[in-house]
Structure formats: structure tokens, C-alpha cells
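Architecture and fold: a report
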Amino acid sequence: MNDEQRALISAFNDGQLDGQGREAVMSLLAENAQARSYLKELVELDRLLHSTFDPVEQEPVPMRFRSLLRKKRTHAFRHFVVPAALAASLLLAVVLVIRQDTIDQQMREQLLQMTQEIASLKHQTLENTPSGKAVSWVAPVGQTRAEVRPLSTFRTKDKRFCREYEERLEDANGVEIRRGIACRTGKGHWPDLTRLPSDSAGSSTADRSPVVNL
Amino acid sequence: MDENGADNRSLNDRRTHCAEDMVQPDLTEQLIELIPRMRRFATGLSGSAAWGDDLVQAACERLLQRKDSLRPDTRLDSWMYQVIRNLHIDGIRAQSVRDRNADEIKLVADLRPVSTDPMQNHIRLGEVNDAMQLLSEEHRSALMLICVEGLSYKEAAEVLQVPMGTVTSRLVRARKSLVEKLGGESFELELGMSR
């Protein structure tokens, strides 16, 4: 078998021949044992190469490549974001100037309404809800959510009712938990006697002794 | 003949997949999809999974740096194969940011035992990698691109930047040389067992 025939069989094995070339190789294979042996050699060689190197292809993509491409993608994205953000800021500034008064008024009204709702929640909960049970309120707009949980009830020396409570406020910026003591001055009216620092709010209520002896 | 026909169809399927790897706007997604194949190629080329990964990483960085200068009809996989090969030839190993020592340089087959059945691996797969590393870079590249990566002779000629006729003759010589490096008699024995 000469080099030209080997090249032909090699191309046949690699799927590189047209119909005429394939017929020529098949004739050669039919009449030449060496040609058949050579083709088997090529098939076996390819199998060995695949068995050796294919496991690398089947591995998950290593973290170093994902990190590299993620970093680059972030940088590429920034090229778009910076001018877009600048344009958006300018547009927003114009809109804000035009609508400043309206927006301020709306925001003030929303804030006032929200404060009143939360205050009302506290008053109503302290008036009607037993200790340990929470009552919540969710703002109709936005992500603000409030929860009030009475913790314990006391009577002062002048016979007023006071309650320790926990207030949980949640909005897009996070969660704030505070504890306080409110005393009843009339039906459904529980003004704060004291508000405890928020950092004490995380303490367990189970082992809490009475807060104050009023 | 049927067996060979099936193998040819499989290669054609792979080539169809390759043809879809044009440079599109979302370059990084395409690159992530290509990385397994590029790692396989670079490992075969360098003989080491660690060196191979260094080559692929360097090629990725180069592609991302130059992505704006790529022509719309550039084939991403061909571009990557070519850059990985050039980086290998240029001795990117010496410039690697990773600090390696000789103990870390392990041949790929040492890390990956493929089969516990000795009859299925009469020629140890590690020997294939060892034998590959004894070939010239030109022969190794031709074998990896065509026999493992499934590129056509025309596609391989573009990556290797040589005429198709050169690829054809180089591949015949590369296969002959690999059989010799594997130990002609052992390989013949292996062939006899698989008949």
C-alpha cells in the first residue's frame, strides 16, 4: 500500500470523501487486506485518542473561567450602564424639577398616612390583642410592612394599664425591630412611656423579667 | 462499512455544531460553551490539564481584549484553536502567572483512570498522552483537531494556516508516527484483540 492509498483511506475514515472517492476506497478495501488492516488501525487510534482526551471535555467548566468571563461581562455591561445611567439621571433631574412640588406633596401625604396607619396598628393591637400574638399591617403601595406584638401587661400604682410590646418595621432598606412600653390613657389610646433602644430588640422574650415596676 | 458510515455521520454532526459558532453579540455565552472543547484541545496539545487551562485562559483573555476587531464572519472556535496553538508555540507556559513546580505537572491520564477493565485498556490511556507528547507539534495539532475535535480537513487547514494537501499528508504521517510511538507490536496486538 502506498502513501496515496493511505491518505485516501485516512480521508475516508475522517468523512472527507465524496461519493466517487468513497467508492474507490471501498473497492480498495474489498480487494486489499492491508487496506482493511490500515482502516482498523485508524479507527482504533481514534478510539484511543477520544478515550484519552474526551474526559477533559466532559468535566464541568472550572471556576477560573466562569470568574474570568463573569468579570469581563460585568465590565462590558458597565460600559453600557454608565452612559445610560448618566442619561437617565439627567432626565430624572429635569422631571424632578418640574414635578418636585407634586412629588414632595405626594410623598409627604404617603409618609403621613403610613405613620398614622402604623400608630393606629400599635394602639389597636395594644387595646385588643393578648400578649404574644402579633398583628400586622402591609402598606398598599411599596414594600413597607409593620407588625406589633404585645409582650406583657402591667398595672401602675395609679391603676393605669401599661404594656410592653415589640414593633417590627420592614421596608426595602431592611428590618428594624424595637421594643417599647405604652400606657393606656383612654380607649384605644396607648402613648409610649418609653422606647427601648433597637439593639435590645433581639433579646429573647421568653426569659424576660418584668421590665419596670411602675 | 456501516460502522465507518456511522462514524462519518457523527463527525458531520459535530461539524454542523461547529459551523454555528459564529461571533454573535453575546460573546461570553458562546465562549463558555466552547471552553470544554478548548480545554480538551489544549490538554492534548500541551500534555497537561494545568498547562491546557492556562492556554485556554490566555486565549479567552486575548479574545475578550480583541473582540471589537473580530470580523462578523469569524468562526469563534477556529479563532480559539488558532490562538491556543500559537500561545503554546510561543511558550506561554513560561509566562504563566501560576507558580508550578515539577510535581504539579501531571499527565492527564495519570489524573483520570478511565476503566478498571484491563482488557478494555490494553494500551493504557496514559501511554497515548505520553506518545502524543513525543510527536512534533505539527503532528499533534493535526491529530487533535481532526481526530479528536472533529474538524474537517478544510477547517483544520484554516486553523493551521497551511494548504489542505499539507493537512492530508501531515495527518497520515502523524497517525503513522503515533502508532510507532505507541509501540507497533503492542498496537498490533491491541488491534488483534479488538477484531
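A few points on the structure.

Cut-off values and rules
Residues numbered from 1 in each chain as written. Chains lettered and ligands numbered in written order. Predicted model: local features only at pLDDT ≥ 70, side-chain atom pairs only at ≥ 80, totals over all residues. Helix = DSSP H or I, 4+ residues; strand = E, 2+ residues; numbered from the N terminus. Buried ≥ 20, exposed ≤ 12 C-beta atoms within 10 Å, placed from the backbone. Contact = placed C-beta atoms within 7 Å. Core = buried A, V, L, I, M, F, W, Y, C linked by C-beta atoms within 7 Å. Pairing = 2+ DSSP bridges.

Topic: the overall build of chain B
Scanning chain B for helices and strands turns up eleven helices and zero strands. Listing each helix as α and each strand as β along chain B from the N terminus yields α-α-α-α-α-α-α-α-α-α-α. When the 195 residues of chain B are sorted by exposure, 39% land in the buried category. The contacts of chain B with a sequence gap of at least 6 include a subset with a gap of at least 24, amounting to 69%.

Considering the nonpolar core
In terms of nonpolar packing, the biggest core is built from 57 residues, with Met38(B), Ala59(B), Met80(B), Ile84(B), Ile146(B) and Ala156(B) touching the most fellow members. Per-element tally for this core: the top contributor is helix α3 (residues 33–58) of chain A, with nine residues. Apart from the residues lying within four places of it in its own chain, the contact partners of Ile146(B) are Asp14(A), Leu151(B), Tyr153(B), Ala156(B) and Leu171(B). Grouped together as the second largest cluster of nonpolar side chains are nine residues, Cys162(A), Tyr165(A), Ile181(A) and Trp190(A) included.

Overview of unusual backbone geometry
With glycine set apart, most residues show a phi of negative sign, and most peptide bonds adopt trans. Residue and element names in this part refer to chain B. A positive phi is found at Gln 161, a non-glycine position, where the angle reads about 55°. Following the sequence through the fold, Gln 161 ends up in the loop between α9 (153–160) and α10 (164–181). Judged by the 10 C-beta atoms lying within 10 Å of it, Gln 161 is exposed.

Things to note about the pairing of strand β1 (residues 135–138) of chain A
For a regular strand, side-chain orientation follows a simple rule: the groups alternate between the two sheet faces. Residue and element names in this part refer to chain A. Relative to strand β2 (residues 145–155), β1 runs antiparallel, the two being bridged by four bridges. By the bridge assignment, Trp 137 is partnered in β2 with Ala 146. Here β1 folds back onto β2, and the loop between the two strands holds six residues, one of which, Gly 142, carries a positive phi near 85°.

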